Amino acid sequence: MLKKFIHHPILYFALLGLTIAVFLYLAFTYAHQLPSRVDEGSFLIKGYYYLSGKYFPFEDYGPWTNNMPLAYYIPGIAQYLFGPSLKVARYFMIFLTLLNFAGLYLLVFRLKGKWWALFSILPLAINPALVSMYVQAVSEGVVACLLVWMLYFLIGKERKDWQIAMGAMLSALVVLTRQNMVLLVPFAVIYAYWLHGKRAGRIALVSAALPLIIAHIVYYPHIFDLWFTWLPASIRRAFNIKIVEGGGTQTWRPDVEPFSRITSFFMTLRYHFVPFFGFYLSIITLPFKKFWTSEYERKLVFLLSATFLILFGMHAWASLGKNYCVFCFSNYLSFFNVMAVLAGVITITNFLSTKEGNILLPLVVFFLIALPSSFLGSMETVGRQVM
């Protein structure tokens, strides 16, 4: 009786509907209650000005374009169509987040079936911290949506040429939204070469390169300033590379104590607990071939985990390693956390299919360390007392 009830379609669609309902409740609540951030105003007004033709990205004496053009154009679409409004912008971000979850659901549904598709979006859709990040009119929600659909078109044992091309093109569009996601282009190209052959690799390379080349020609020369900022000051001086940063004197120079950096890390662990768990499962099972029923999926999880790890390190250095925005780390991970979620789902399904070995001990170790550690992410209150 119980087994029949579990497999009944009504239960599945009820859980799916409840997941969507909880997300919408959280999303609209945060859309109306969260105070506006300076970043939101920057993205929205610049996007509106750029689309209306009042200014052009990287224009001399225009607004400071300190991110790639699509970071402004995409949030600015709603402003241009429906008029400038924070409410309109946040509703648009809710729409993009629904597209994000739809892409992840369809991808996992194609790979692993309906229940795993539901389980993949569930921890994201009902996570208040993550929802509050995605509903704000900043680039995290835009990048996450583009990244998911990039994966949707790329991943699968049988991919057509146009699907590989579409996925690679989306990887370029992600970079043209935020330059810190530049690793997604080599991910798409390496994935296509390694798992689908040389022809697919060449298609991916051309499809990713064309949008990047065109954008850098259109916005030449100041678009290169975004990349030059990554160079050490000694190299910039040696080659006389000058960077325009909007003028004025920088006054934001906070002195952040080590405990705040530790708190930021553990707060990020708390907000992104499921992606961390998925990444952990992947790295402890990847070395053992006996846990895998599909060599394709093992290679795929390796690429997803490696890319996640490198992006994690880059953003940890940019936030925890510097003073500019230490507590931005949790926001940064929302760009690409879906890669760890997908890697975890694929890993779990392979392990359950093989029924080889026992990973109970590593799981116990993870939870014994991660649960108390995420508790330390309670900022300056509970965390400091426990420390």
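This one's a predicted model, so the numbers in the text were calculated from it and none came from an experiment. The numbers attached to residues start from 1 for each chain and follow its sequence in the written order. This being a predicted model, a pLDDT of at least 70 is required before a residue's local features are given, and a value of 80 or more before pairs of side-chain atoms are given or counted; all residues contribute to the totals for chains, interfaces and linings. Only hydrogens and water are set aside when side-chain values are computed; all heavy atoms of the structure are taken into account.

Q: Please clarify how the overall build of the protein chain should be interpreted in this entry.
A: Numbered from the N terminus, helices here are DSSP runs of H or I no shorter than four residues, and strands are runs of E no shorter than two. When you go through the protein chain residue by residue, the secondary structure sums to 20 helices and zero strands. Evaluated residue by residue, the protein chain yields a buried proportion of 49% over its 387 residues. Whether two residues touch is decided by their heavy atoms; if any such pair falls within 4.5 Å, the residues are in contact. A fraction of 75% describes how many contacts in the protein chain between residues 6 or more apart in sequence connect residues 24 or more apart. A 1.4 Å probe and the Shrake-Rupley method give the accessible areas. Residues count as covered only by the protein chains that appear here. Just so you have it, the protein chain exposes about 19,100 Å², and 69% of that area is on carbon and sulfur atoms. Only protein chains enter the calculation, and the probe is 1.4 Å; a residue is then buried if its accessible area is under 20% of its type maximum, exposed if over 50%, and partly exposed in between.

Q: It is not clear to me how the pattern of salt bridges should be interpreted in this structure. Could you clarify?
A: When charged atoms on two side chains of opposite charge get close, those side chains can pair. Criterion for a salt bridge: a side-chain nitrogen of Lys or Arg within 4 Å of a carboxyl oxygen of Asp or Glu. Evaluation of the coordinates by the stated rule reveals four salt bridges. One salt bridge connects Asp 39 with Arg 37, and the closest N-O pair in it is separated by 3.3 Å. Lys 112 serves as the salt-bridge partner of Glu 297, at 2.8 Å between the closest nitrogen and oxygen. With Glu 297 in helix H16 (residues 295–319) and Lys 112 in helix H5 (residues 86–112), this residue pair connects regions lying 185 residues apart in the sequence. Given a relative accessible area of 24%, Lys 112 falls into the partly exposed group.

Q: Explain the state of the cysteines here, please?
A: Two cysteines, two sulfur atoms, one covalent bond between them: this is a disulfide. Sulfur atoms of two cysteines make up a disulfide when they are within 2.5 Å. The full count for this structure, using the stated rule, is one disulfide. For Cys 325, the disulfide goes to Cys 328, at an S-S distance of 1.6 Å. Disulfide Cys 325-Cys 328: the torsion about the S-S bond is 55°, which places it as right-handed. On the basis of relative accessible area, Cys 325 is assigned to the partly exposed category, the value being 22%.

Q: I keep staring at the confidence of the model for the protein chain and nothing clicks. Help me out?
A: Interpretation of this model should avoid reading the predicted coordinates in detail wherever pLDDT is low. A score from 0 to 100, pLDDT tells how confident the predictor is in each residue. On average, the protein chain scores 88 in pLDDT, and the residues at 70 or more come to 88%. In this model, residues 380–387 is a region of pLDDT below 50 whose contacts with residues beyond four sequence positions or in other chains number 15 contacts.

Q: Mind showing me how you'd approach the packing of aromatic side chains here?
A: Aromatic rings considered in pairs are described by the distance between their centres and by the relative angle of their planes. For this analysis, a ring pair means two rings from Phe, Tyr or Trp (six-membered ring only for Trp) whose centres lie within 6.5 Å, classed as stacked if their planes differ by under 30 degrees, edge-to-face if by over 60, and tilted for the remaining angles. Applying the stated criterion across every chain, the model contains 34 aromatic pairs. Relative to Trp 230, the ring of Trp 227 lies with its centre 5.4 Å away and its plane at 80°, an arrangement referred to as edge-to-face. Put simply, the rings of Phe 265, Phe 266, Phe 276, Phe 279, Phe 308, Phe 312, Phe 329 and Phe 336 touch in pairs and so form one group of aromatic residues. Directly above the aromatic system of Tyr 152 lies the positively charged group of Arg 110, at a separation of 4.8 Å from the ring centroid. Any Lys NZ or Arg CZ found within 6 Å of a ring centre and within 35 degrees of that ring's normal is scored as a charge over the ring.

Q: Sorry if this is basic, but what is going on with a nonpolar patch on the surface here?
A: Candidate patch residues must exceed 30% relative accessible area and have no salt bridge, after which like charges are joined if within 9 Å and Val, Leu, Ile, Met, Phe, Trp or Tyr side chains if within 5 Å. Taken together, the side chains of Phe 56, Val 206, Leu 210, Ile 214 and Val 218 present a nonpolar region at the surface, about 450 Å² in accessible area. Mapped onto the secondary structure, Val 206 falls in helix H11 (residues 198–218).

Q: It is not clear to me how unusual backbone geometry should be interpreted in this structure. Could you clarify?
A: Only a minority of non-glycine residues have a phi that is not negative, and only a minority of peptide bonds are not trans. The linkage connecting Tyr 220 with the following residue, Pro 221, adopts the cis geometry, with an omega of 5°. With respect to the helices and strands, the residue Pro 221 is situated in the loop between H11 and helix H12 (225–228). Positive phi, close to 65°, is recorded for Phe 58, a residue that is not glycine. Relative to the assigned elements, Phe 58 resides in the loop between helix H3 (38–52) and helix H4 (70–82). Residue Phe 58 is classed as buried on the basis of its relative accessible area of 11%. Here Tyr 61, not a glycine, exhibits a phi torsion of approximately 65°, which is positive. Position of Tyr 61 among the secondary structure elements: in the loop between H3 and H4.

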